[in-house]
Every structure is written in C-alpha cells, then in structure tokens.
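Here's the letter readout for the chains.
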Amino acid sequence: MSVSPRGPEHIGDPDRWGDTWGSGRYVAGGRCKSTARLEGKVVIITGANTGIGKETARDLARRGARVIVACRDTAKAEAAASEIRAETGNQQVIVKKLDLADTKSIREFAEQFLAEEKELHILINNAGVMLCPYSKTADGFETHLGVNHLGHFLLTFLLLERLKQSAPARIVNVSSLAHHVGRIRFHDLHGEKSYNRGLAYCHSKLANVLFTRELARRLQGTKVTANVLHPGSVHSDLVRHSLLMMWLWKLFSFFLKTPWEGAQTSIYCAVAEELNSVTGQYFSDCRPAYVSPRGRDDEAAKKLWSVSCELLGIQWD
Ligand SMILES: NC(=O)c1ccc[n+]([C@@H]2O[C@H](COP(=O)([O-])OP(=O)(O)OC[C@H]3O[C@@H](n4cnc5c(N)ncnc54)[C@H](OP(=O)(O)O)[C@@H]3O)[C@@H](O)[C@H]2O)c1
C-alpha cells in the first residue's frame, strides 16, 4: 500500500495517508471553518455531558440542530444540556439515557429514539473510557472493548435504517492516535489471559478504526458516510481511572487541547461541506491523518465485524 503522496488534497481516498499524526494544543491546532447551518437536522452524540462530546453538542446546537445528548448519567447530562440551551438559545437539546456498558440500555435507547424521532442525520459515537481496572460490562465484555467498540457497534446497527432513510447522513466515530499501538487480539478479546489497561484502550480504539473502514465499505452508494478521527490530546476527564495520568494531565495541561479545541475535528467530520461524499477516512486536526497499517487491514476489519455480530447476537450483512 502506498505511503505517499500525502496531504489534504487526498481527502476522499481512504488508502492515501494524510499528512498529520494529530497534535496537542500548540503543535498544529486545527479548526472547523465550516459555517454550515443544521436547522431541521437531528444529531445524536454519545457521552455529550462532558469533555469533547459536550463541546461538540454545544457547537451543533449553535448551528440549529436538534441534539440528542445520549448519556449514562441523566442528571449530569441534564446539567450540560440546560447550560447549552441557555447559552445557544436552542431549546432542542434533549437528554436521553444511554449506558453503552449494557446492551439492554442501548436497545431501549434506540427503541425510544426510533419511536420519537422521524429522522437521524448525524450520529457521533464519542463516548469512551480509558485505563479502567479490569472489569466487564453487563454482558460480560471487557469494559474498553464493550463500551468503546461493541456498544457503538450495536448502537449504529440499531439506528442505521433511520440514517439511510434520512440520507444524506453521517456517522462519526471518535477513535484515537492510540490506535497505532492497538492490536485486535482475537484469541483473547476480553483480556482474560492477559490484561493491560493502557493497551486495552488502544485495542478498542483500533477497533473503532477497523469498524469505520468496514462500515464505510458496506455503506457505499447509500449516501450515509462513516469517518473516524483522533481529537488530539485533550484536557478532559478521560484519564479519571489513573491517579498517575490525572497528575500528568494536570502537569502538562498547558500543552493539551481544551475540550473545545478537541471537538473541532468531530464538528468538521459532522458538518464540513467538502466531506459530503467522503467516507472511510481517518482525520485529525480537521485533516486526513496517518492510519496505522493495522488500521488498514481489511481482513482484520471483516473478522472483527463478524466476531462483533456474534458477541452481540445480531445479524448484520
Ligand atoms: N481526551 C483525549 O486526550 C482523547 C484523545 C484521544 C481520543 N479521545 C476520545 O475522545 C472521546 C471523548 O473523550 P473525552 O476526552 O471527552 O473524555 P471524557 O470527558 O471522559 O468523556 C467521556 C464521555 O463518555 C461517557 N461514557 C463513559 N462510559 C460510558 C458508558 N458506559 N455509557 C455512556 N457513556 C459513557 C462519559 O460519561 P460519564 O461522564 O457519565 O462518565 C463521558 O460523557 C473518547 O472516545 C476518547 O477515547 C480523547
């Protein structure tokens, strides 16, 4: 596979490398310059009560979208939503309960959404956990794999028909630069034989990249696009499970992006006009970025797809 040429002029070809690794605050920045309006558009953002998700919700609400804030803690989500409503004047910022660590909750969320909303134009799979001590979700999946990958995989499956009916529509998956270190360990997906919480996060973020690649391939011709991104290194609560990382994040906070800066690439992937027909790409700093060779492994992407379907008990052809 070709490693060059590079650069934003290659937007649209997922097999070309981009020209950035993705950065912290003072390396490259990256702002979404689109002024697109979203009146009449319906958006779901998972994990939008805080961090990057909240800033993404704030921006899309300002553009006039109906924003569904899908969160596990509805009290925290309501506080964020009422702040966004007050600041943007957009009253269509709505809180719904969604716990990605429980497939029952994901199914209930999707069922309620499909009953209440006629359209869905943008799905932003943003929520995530990092550095969790070994634990399992309600369905017995290792937590990083379960929340970061399988939860969003199931959510996307359940909402896909509504996205297709509402097309043009976009799916935006929030991954990480950490996917470069990840591997899909099919022989030990749930980390039962060996577990490292840092690597478990990286594996789940590689799963986000592979999921997007295969999803985009399957969605060719539907006017539903799927892209994936690294938001940069962002000062947020993501490192809350590690005292050491919390301390390091505080110490180096000056070099980290703010959540608003971190949200720019999500916003770009959700609204930028030049991405109308771009799919299957990986972005950072609002530009195409380097994807690891493992993130371009089509065989692994296909295998992960079928294993995910098996684990979730779904048929997604
Ligand atoms: N921060 C960075 O430097 C960085 C770098 C690369 C990639 N990312 C990615 O960016 C995304 C957003 O991260 P962030 O930095 O904004 O972190 P954050 O502030 O910790 O936000 C994570 C969000 O995910 C939610 N969440 C966690 N478990 C959930 C579950 N079981 N069900 C539903 N929601 C759940 C959290 O809800 P609660 O508030 O209830 O916990 C929170 O709203 C993540 O996918 C992360 O991997 C971040």
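As the structure is a prediction and not an experimental result, all values here were calculated from the model. (Residues numbered from 1 in each chain as written. Predicted model: local features only at pLDDT ≥ 70, side-chain atom pairs only at ≥ 80, totals over all residues. Heavy atoms only, no water.)

Asker: Any chance you could break down the overall build of the protein chain for me, citing the residues and the numbers?
Answerer: Looking only at helices and strands, one finds 9 helices and 8 strands in the protein chain. A compact globule built from 317 residues should have a C-alpha radius of gyration of about 20 Å, and the protein chain, at 18 Å, falls within 12% of that. On the principal axes, the C-alpha backbone points of the protein chain span a range of 50 × 45 × 45 Å. Taking all 317 residues of the protein chain together, 57% fall into the buried category. Pairs at least 24 residues apart make up 77% of the contacts formed inside the protein chain by residues separated by at least 6 positions. Counting every atom, the protein chain has about 13,500 Å² of accessible surface; 53% of that belongs to carbon and sulfur. Mean positive and mean negative side-chain charge positions of the protein chain (41 and 34 charges, respectively) differ by 3 Å. (Helix = DSSP H or I, 4+ residues; strand = E, 2+ residues; numbered from the N terminus. Rg over C-alpha atoms; globule rule 2.2 N^0.38 Å. Buried < 20%, exposed > 50% of the residue type's maximum accessible area, 1.4 Å probe, protein only. Contact = heavy atoms within 4.5 Å. Areas by Shrake-Rupley, 256 points an atom, 1.4 Å probe, with all protein chains shown as cover. Lys, Arg positive; Asp, Glu negative; His and termini not counted. Charge placed at Lys NZ, Arg CZ, Asp CG, Glu CD.)

Asker: Give a detailed account of the site of the ligand, specifying residues and quantitative values.
Answerer: Within the structure, the ligand sits among 31 residues, and Asn49, Arg72, Tyr201, Ser236 and Arg240 are positioned closest to it. Within the backbone of glycine 128, one N or O atom sits 3.2 Å away from an oxygen atom of the ligand. Calculation on the ligand without its partners gives an accessible area of 900 Å², and the protein chains cover 98% of this total. Counting only elements with at least two residues in the shell around the ligand, the list comes to helix H1 (51-62) and helix H5 (197-218). The residue inventory of the shell around the ligand, partitioned by class, reads 13 nonpolar, 12 polar and 6 charged. (Near = heavy atom within 4 Å. Polar contact = N/O pair within 3.5 Å; in protein donor to acceptor, adjacent residues only side chain to side chain. Nonpolar A, V, L, I, M, F, W, Y, C, P; charged D, E, K, R; others polar.)

Asker: So what's going on with the sheet that holds strand S3 (residues 93-97)? Which residues, and what values?
Answerer: The pairing of strands in a sheet comes from backbone hydrogen bonds and takes either a parallel or an antiparallel form. Pairing is mixed across the open sheet formed by 8 strands, whose spatial order is S3-S2-S1-S4-S5-S6-S7-S8. Pairing within the sheet leaves two strands with one partner each, and these edge strands are S3 and strand S8 (287-288). Sheet topology places strand S6 (residues 224-230) next to strand S7 (residues 282-284); 3 bridges connect them, and they run parallel. For histidine 230, the partnering residue across the bridge sits in S7 and is serine 284. (Pairing = 2+ DSSP bridges.)

Asker: Outline the packing of H5 against helix H9 (residues 298-312), listing residues and values.
Answerer: Viewed as axis vectors pointing N to C, H5 and H9 meet at an angle of 90°, and their least axial separation amounts to 9 Å. Put simply, H5 runs roughly perpendicular to H9. Contact with H5, carried on its side by Ala207, Leu210, Phe211, Arg213, Glu214, Leu215, Arg217 and Arg218, involves Asp298, Ala300, Ala301, Lys302, Leu304 and Trp305 of H9 and no other residues of that element. (Axes fitted to C-alpha atoms, helices over the stretch in contact; angles between N-to-C directions. Parallel < 35°, antiparallel > 145°, perpendicular 65-115°, else oblique.)

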